[in-house]
Amino acid sequence: IESIKTWKFNDAVFGPDNTTLYFIPYVNYVGKYDTSSDTLTKISSSVLNAKQNFDSGVLVGSKIYMAPMHRNDVGVYDTATDTMTSITATRASRPVNNYAGIAAIGSKVYMCPQETAHRSFGIIDTTDDTFSSILIPDTVAGYARDIKYTDTVAAGDKIICAPAGNINTGIGVYDSRSNTFTKKDLPSWVDHTGFGNVCADPDGTTVYFAWQQPAVYDVASDTLTEIDVSAEHTEERYGGCAVFGDKVYFTPSRSDLFAVYDKVTEETTFMDISETPGFVTEPGGSNLDYGKPALSPEG
């Protein structure tokens, strides 16, 4: 698989067979990786630009929906036919970092806005592939600034928008039942300089933030709690996370340590990758952001 330094892919999503992994394209092809045969295929499409295509993807049925980066349309990749189409979402003359992340609840797909002039929370009905949006209220702080959110995740009947660093956008919470968007204020201990991605428990009750100081958010009680990661580290500690069983895995962003959080004991252990060939190129820290891990629905 090609180096992340060439900016080929931004995310990966397992297909409906749970064995084929699809890489979300930054450049002009989709990566299709068959884990059973260890083969990687490039799928080209006229829908794709030369670069800066899509941020992330989510599987609904046989289709993967992709959140747009520097473009106005949502990508739709059909795993049954290996073909791509698109759905118009915005009409900016020069779209930049349009949406950050994408998640699904039932047959609907949702996207939180990223570094854009608009304040629209994107919604796609996958039954007919139509796009709609709601305007995030002016009362949500931070919208005078350019960067809004860095990721999108589903938690039960709610969509959680992970805040970007250096502003008090807060955690965005969209309720799919009432079609309303509200804000969860951030406590003072949150470090605004290092916000990464977000992941959720399969039961939809808890969300984990891969921040400089990782945190766990109980959606039902609306409480945010620090995760103890007391260990030697570099700045910009974590970039992504994934939940597997009773563990939450935090991938490093310019750090030497994978963090493994045990949800039962509420303790954290670490995997040191400083001596792993090909991972770290400078003493004391990796120069790569490993982003979000991809887990098969079957583990």
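Since the structure is predicted, the reported quantities are computational estimates derived from the model, not experimental observations.

Mapped onto the secondary structure, Thr268 falls in strand E24 (residues 267–272). Separated by 2.8 Å, the side chain of Thr268 and the backbone oxygen of Asp228 make a polar contact. Setting aside residues up to four positions removed in sequence, Thr268 forms contacts with Ile227, Asp228, Val229, Ala259, Val260 and Tyr261.

Per-chain confidence: the chain averages 82 in pLDDT, with 80% of residues scoring 70 or above. Strand E17 (residues 195–200) is the least confidently modelled element of the chain, averaging 84 in pLDDT, while strand E7 (residues 73–78) averages 96, the highest of any element. Contacts of residues 1–5 to residues separated by more than four positions or lying in other chains number ten contacts, the stretch itself having pLDDT below 50. Note that pLDDT drops below 50 for residues 280–289; the model gives that stretch 27 contacts with residues more than four away or on any other chain.

With respect to the helices and strands, Phe244 occurs in strand E21 (residues 238–244). Judged by its relative accessible area of 40%, Phe244 falls in the partly exposed class. Measuring from C-alpha to C-alpha, the distance between Phe244 and Pro202 comes to 9.1 Å, with 42 residues separating the pair along the chain.

Cut-off values and rules
Residues numbered from 1 in each chain as written. Predicted model: local features only at pLDDT ≥ 70, side-chain atom pairs only at ≥ 80, totals over all residues. Heavy atoms only, no water. Helix = DSSP H or I, 4+ residues; strand = E, 2+ residues; numbered from the N terminus. Polar contact = N/O pair within 3.5 Å; in protein donor to acceptor, adjacent residues only side chain to side chain. Contact = heavy atoms within 4.5 Å. pLDDT = per-residue confidence, 0-100. Buried < 20%, exposed > 50% of the residue type's maximum accessible area, 1.4 Å probe, protein only.

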